[in-house]
Amino acid sequence: KLSFITQEQNVTLEYKSKASDDKFERSYSVLRVKFDEWLGQKAEEAGVSIVTGIRVDDLVKQDGKICGVVAGDEQMFADVVILADGANSPLCKKYNLGFDANSHTCAVGVKEIIELGSDRIDDIFNLNANEGAAWLFAGDITDGKMGGGFLYTNKSSISLGVVFGMHNAGNANLSVAKMLQNLKAHPAVAPLIKNGKTIEYSAHIVPEGGFNAIKNISNDGVLVVGDAAGLCLNLGYIVRGMDLAVQSGVEAANAIIQAKQKGDFSKTSLGVYENFLNESFVMQDMKLYKDVPQMLDNDRIFGLYPNLAADIMHDMFMVNGKSERLMKKIIPRVKKAGILNIAKDIYKGVKAL
């Protein structure tokens, strides 16, 4: 579902289909707290040592090459260091790696996991066994600024949250936490989570600068993957990050295996990582939608148009005893929004997508 919402109304486009016979065309929602633990166990079974609870303060650099990490008073050495420490990476910033992280290329997201029970979720969202629902919201929920709300169903809970462009933080009348509370209280959402229990709360910096914000993701002895590399796509109607992060990890591993076979961990050798990414869907999609971040940075999309859609739907379905053609109701609404503005925004949207 995709909804344009005002404070009291919502206009929703819904699409539903049976699961594809091709397993690669299926989508899944995952709880990271469970998925990461499972994935970590798989890595340990393969011989990996996972050390948690230690902050990496710096990188070890010798003869111009990254060759390890600094954790407190200890140095740990390696042929290659992979930076996967998220969008707000101090190590990437210090060594001019990753993407150009600033308020215009990052968003802040907050999320709650709300336990409802599997039977209730299936009833509320009209789901059959092993089916899920995804729902995006745009409009007043982010004070009419760039951003939106999201809802994903899990087996017995939902993930409900808000993402907000950081460059508008000084112009918004609401905090991001308050935006999430308003979404929970909205007439379209409140009945869904009635008597639900919040079992997890999290916040996250999201890279949304797109392809044009990516800088250096490989160098002597170091590779950058996932959010730290700026690998995230917000297309307005769908947001992708985990699939890009996972594939970047795969390509980093392939690059390191090849470098190890040659015994060469220089930028020239490890640079094959970028070639692998360019040949995969990761960079192909990042390049394909490189103009979307600029297109979405438009307050009309998140403020004017949700209200316009709600007003038009109100006029279409309101029966009040007055006789008037529908078009005579709609045209003044459209003119008020600005026909030229609408035409320009449609053109930019079609061009970017």
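Note that residues are indexed from 1 along each chain, following the sequence as it is written. For a predicted model such as this one, the threshold for reporting local features is a pLDDT of at least 70, and the threshold for listing and counting side-chain atom pairs is 80 or more; totals across whole chains, interfaces and linings nevertheless cover every residue. Here the side-chain values reflect all heavy atoms present in the structure, with hydrogen atoms and water set aside.

Draft legend 1. Highlighting the overall build of the protein. Across its full length, the protein carries twelve helices and 15 strands. Seen through its C-alpha atoms, the protein measures out along the principal axes to roughly 80 × 45 × 40 Å. Looking at the protein as a whole, 42% of its 353 residues qualify as buried. Note on contacts: a residue pair is in contact if any heavy atoms of the two residues lie within 4.5 Å. The contacts in the protein between residues at least 6 apart in sequence include a share of 67% that link residues at least 24 apart. Only the protein chains shown count as cover for residues, with accessible areas throughout obtained via the Shrake-Rupley method and a probe of 1.4 Å. Carbon and sulfur atoms make up 53% of the accessible area of the protein, which amounts to about 20,300 Å² in all. Averaged over its 39 positive side-chain charges, the protein has a centre that lies 8 Å from the centre of its 42 negative ones. In DSSP terms, a helix is any run of H or I states spanning at least four residues, a strand is any run of E spanning at least two, and both are numbered starting from the N terminus. Burial classification: accessible surface area is computed with a 1.4 Å probe over protein chains only, and a residue below 20% of its type maximum counts as buried, one above 50% as exposed, and the rest as partly exposed. Two residue types count as positive, namely Lys and Arg, and two as negative, namely Asp and Glu; His and chain ends fall outside the count. Working definition for charges: the position is that of NZ of Lys, CZ of Arg, CG of Asp or CD of Glu.

Draft legend 2. Expanded view of the packing of helix H10 (residues 299-317) against helix H12 (residues 339-352). To obtain each axis, a line is fitted to C-alpha atoms, and for helices this fit is confined to the stretch in contact; angles are then taken between N-to-C directions over 0 to 180 degrees. Between H10 and H12, whose axes approach to 13 Å, the crossing angle comes to 120°. Between H10 and H12, the crossing angle belongs to the class labelled oblique. As for the relative orientation of H10 and H12, their crossing is left-handed in sense. Between H10 and H12, the contacting residues are Arg 300, Tyr 305 and Leu 308 on the first element and Asn 341, Ile 342 and Asp 345 on the second. Gly falls in the polar group here, along with every residue not listed as nonpolar (Ala, Val, Leu, Ile, Met, Phe, Trp, Tyr, Cys, Pro) or charged (Asp, Glu, Lys, Arg). Residues belonging to the contact of H10 with H12 are distributed by class as follows: three nonpolar, one polar and two charged. Each angle is binned into one of four classes, with values under 35 degrees roughly parallel, values over 145 roughly antiparallel, values of 65 to 115 roughly perpendicular, and all other values oblique. Crossings are classed by handedness, with left-handed meaning an anticlockwise turn of the near helix from the far one by less than a right angle and right-handed meaning a clockwise turn.

Draft legend 3. Fine view of the nonpolar core. Leu 59, Leu 83, Ile 217, Leu 223, Val 224, Leu 231 and Tyr 273 are the most contacted members of the largest nonpolar core, which has 50 residues in total. Only buried residues count toward a nonpolar core, which is a set of Ala, Val, Leu, Ile, Met, Phe, Trp, Tyr and Cys residues joined through side-chain atoms within 4.5 Å. With 24 residues, the next largest nonpolar core counts Leu 116, Phe 125, Val 162 and Phe 164 among its residues.

Draft legend 4. Main features of the pattern of salt bridges. Definition used for salt bridges: Asp or Glu carboxyl oxygen within 4 Å of a side-chain nitrogen of Lys or Arg. Taken as a whole, this structure holds 13 salt bridges when the rule is applied. Glu 112 is the salt-bridge partner of Lys 184, the closest N and O atoms lying 2.9 Å from each other. Residue Lys 184 is located in helix H4 (residues 176-185), and its partner Glu 112 is located in strand S7 (residues 106-115); the two are separated by 72 residues in the primary sequence. Neither Lys 184 nor Glu 112 differs from the other in exposure class; each is buried. Of the charged contacts, one joins Arg 333 and Asp 311 as a salt bridge, the two residues approaching to 3.4 Å between their closest N and O atoms.

Draft legend 5. Summary view of the side chain of Glu 112. Owing to a relative accessible area of 5%, Glu 112 belongs among the buried residues under this scheme. Any pair of nitrogen or oxygen atoms within 3.5 Å is treated as a polar contact; in protein, a donor-acceptor pairing is required on top of that, and neighbouring residues in sequence qualify only through side-chain atoms on both sides. A polar contact is formed between the side chain of Glu 112 and the side chain of Lys 184, at a distance of 2.9 Å. Within the structure, Glu 112 has its side chain in polar contact with the side chain of Thr 198 (distance 2.7 Å). The contact partners of Glu 112, leaving out residues within four places of it in the chain, are Ile 158, Ser 159, Leu 160, Leu 180, Gln 181, Lys 184, Thr 198, Glu 200 and Tyr 201.

Draft legend 6. Structural detail: the pairing of strand S9 (residues 147-153). In terms of burial, S9 is largely enclosed, as six of its seven residues are buried. Alignment of strand S8 (residues 134-139) against S9, held across four bridges, turns out to be antiparallel. In the strand pairing of S9, Leu 136 is matched with Phe 150. One bridge is not enough; two strands pair if DSSP finds at least two bridges between them. Relative to strand S10 (residues 157-165), S9 runs antiparallel, the two sharing seven bridges. Bridging across to S10, Gly 147 finds its partner in Phe 164. Hairpin connection, S9 to S10: the antiparallel pair is bridged by three residues.

Draft legend 7. Fine view of the sheet that holds S10. In spatial order, the strands read S2-S1-S8-S9-S10-S7-S11; together these seven strands make up an open sheet with mixed pairing. Unpaired on one side and paired on the other, strand S2 (10-13) and strand S11 (197-207) mark the two borders of the sheet. Averaged over all pairs of adjacent strands, the angle between strand axes in this sheet comes to 20°, irrespective of strand direction. Where strand S1 (residues 2-5) meets S8, four bridges bridge the pair, whose relative direction is parallel. Paired with Phe 4 across the strands is Ala 138, a residue of S8. Together, S1, S7, S8, S9, S10 and S11 form the strand contacts of H4, whose direction differs from that of S10 by roughly 135°.

Draft legend 8. Broad picture of the environment of Lys 23. Looking at where Lys 23 falls in the secondary structure, it is placed in the loop between S2 and helix H1 (32-45). In this structure, the C-alpha to C-alpha distance between Lys 23 and Ala 185, residues 162 residues apart in sequence, is 36 Å.

Draft legend 9. Just the pairing of S10, in detail. When you tally the buried positions in S10, you get nine out of nine residues, the bulk of the element. Side chains Ser 157, Ser 159, Gly 161, Val 163 and Gly 165 project from S10 onto one buried face, and the interleaved Ile 158, Leu 160, Val 162 and Phe 164 project onto a second face that is buried too. Bridge analysis of S7 against S10 gives nine bridges, and the strand direction is antiparallel. Pairing of Lys 111 across the sheet is with Gly 161, part of S10.

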